[in-house]
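Working through the structure, step by step
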Amino acid sequence: MLFRSGKRIVLQFDQPVVWDSKLAADFWLNGKNNAIAAAAAEGDQLILDLKEPTTATTITYLDSARWNEKRVLRGRNGIAALTFCNVPLAEVRSYR
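Residues numbered from 1 in each chain as written. Predicted model: local features only at pLDDT ≥ 70, side-chain atom pairs only at ≥ 80, totals over all residues. Heavy atoms only, no water.

**Notes on the sheet that holds strand 7 (residues 58–61)**
Within the open sheet, the 3 strands sit side by side as 4-7-9. Their pairing is antiparallel. With one partner strand each, in any of the chains shown, strand 4 (27–29) and strand 9 (84–88) form the two edges of the open sheet. The average angle at which neighbouring strand axes cross in this sheet is 20 degrees, direction not considered. Across 3 bridges, strand 4 lies against strand 7 in antiparallel orientation. What sits directly across from Trp-28, in strand 7, is Thr-60. (Pairing = 2+ DSSP bridges. Helix = DSSP H or I, 4+ residues; strand = E, 2+ residues; numbered from the N terminus. Axes fitted to C-alpha atoms, helices over the stretch in contact; angles between N-to-C directions.)

**Here's the deal with the layout of surface pockets**
Volume-wise, the largest pocket comes out at about 210 Å³. Leu-29, Ala-35, Glu-52, Pro-53 and Thr-54 are the residues nearest the centre of the largest pocket, which is lined by 13 residues in total. Of the residues assigned to the lining of the largest pocket, the class counts are 5 nonpolar, 5 polar and 3 charged. (1 Å grid on protein atoms, 1.4 Å probe; cavity = no way out; pocket = protein on both sides within 12 Å on 5 of 7 lines; lining within 4 Å. Points joined across faces, edges and corners; volume = space filled by probe spheres on them. Nonpolar A, V, L, I, M, F, W, Y, C, P; charged D, E, K, R; others polar.)

**Looking at unusual backbone geometry**
Positioned with a positive phi, Asn-30 is a non-glycine residue whose angle comes to about 50 degrees. Despite not being glycine, Asn-86 shows a phi value in the positive range, around 50 degrees. Examined against the element boundaries, Asn-86 turns out to sit in strand 9. What makes Asn-86 partly exposed here is its relative accessible area of 45%. (Buried < 20%, exposed > 50% of the residue type's maximum accessible area, 1.4 Å probe, protein only.)

**Observations regarding the pattern of salt bridges**
Under the defined criterion, the tally for this structure stands at 2 salt bridges. Here Asp-49 and Arg-8 are joined by a salt bridge, their closest N and O atoms 2.7 Å apart. With Asp-49 in strand 6 (residues 45–50) and Arg-8 in strand 2 (residues 8–12), this residue pair connects regions lying 41 residues apart in the sequence. A salt bridge links Asp-26 to Arg-71; the nearest nitrogen and oxygen atoms lie 3.0 Å apart. Residue Asp-26 is located in the loop between strand 3 (17–18) and strand 4, and its partner Arg-71 is located in the loop between strand 7 and strand 8 (74–75); the two are separated by 45 residues in the primary sequence. Judged on exposure class, the residue Asp-26 and its partner Arg-71 are both buried. (Salt bridge = Lys/Arg side-chain N within 4 Å of Asp/Glu carboxyl O.)

**Some thoughts on the nonpolar core**
Considering soluble globular proteins, one finds that nonpolar side chains tend to be buried as a cluster. In this structure, Leu-11, Trp-19, Phe-27, Leu-46, Leu-48 and Ile-59 are the most contacted members of the largest nonpolar core, which totals 22 residues. Secondary structure elements with two or more residues in this core: strand 2, strand 4, strand 5 (36–42), strand 6 and strand 7. Non-local contacts of Trp-19, meaning those with residues more than four positions away in its chain, are made with Ala-24, Phe-27, Ala-39, Ala-40, Ala-41, Leu-46, Leu-48 and Leu-73. (Core = buried A, V, L, I, M, F, W, Y, C linked by side-chain atoms within 4.5 Å. Contact = heavy atoms within 4.5 Å.)

**What to know about the confidence of the model for the protein chain**
Averaged over all residues, the pLDDT of the protein chain is 87; the fraction at 70 or higher stands at 93%. The secondary-structure element of the protein chain with the lowest mean pLDDT is strand 1 (residues 2–5), recorded at 70, while strand 5 shows the highest, at 95. (pLDDT = per-residue confidence, 0-100.)

Next up, the structure:
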């Protein structure tokens with residue numbers, strides 16, 4: 001599940017994830033990166049706080065030209081998450 005609400009995007013995975021702040025530049029909203037101000041992992045959810053509100057309709061994680069096996073989003077079990085490209089974001093009015 002992926003959804004956005006103003007300055008926040010929430011990604012839900014099928015397992016708990018671990019956040020590393022170095023990953024912020026690897027998320028792209030409508031083809032543009034550098035939008036992530038901060039993020040946190042809460043169980044199976046990755047919560048991305050944005051620098052400014054967005055109306056982005058898609059999110060991509062990892063550009064094939066920039067990926068590095070030492071810098072990838074991982075589950076708590078140490079297994080790397082898959083990449084995704086132009087995945088639609090559902091809009092919600094509020095999150096928590």
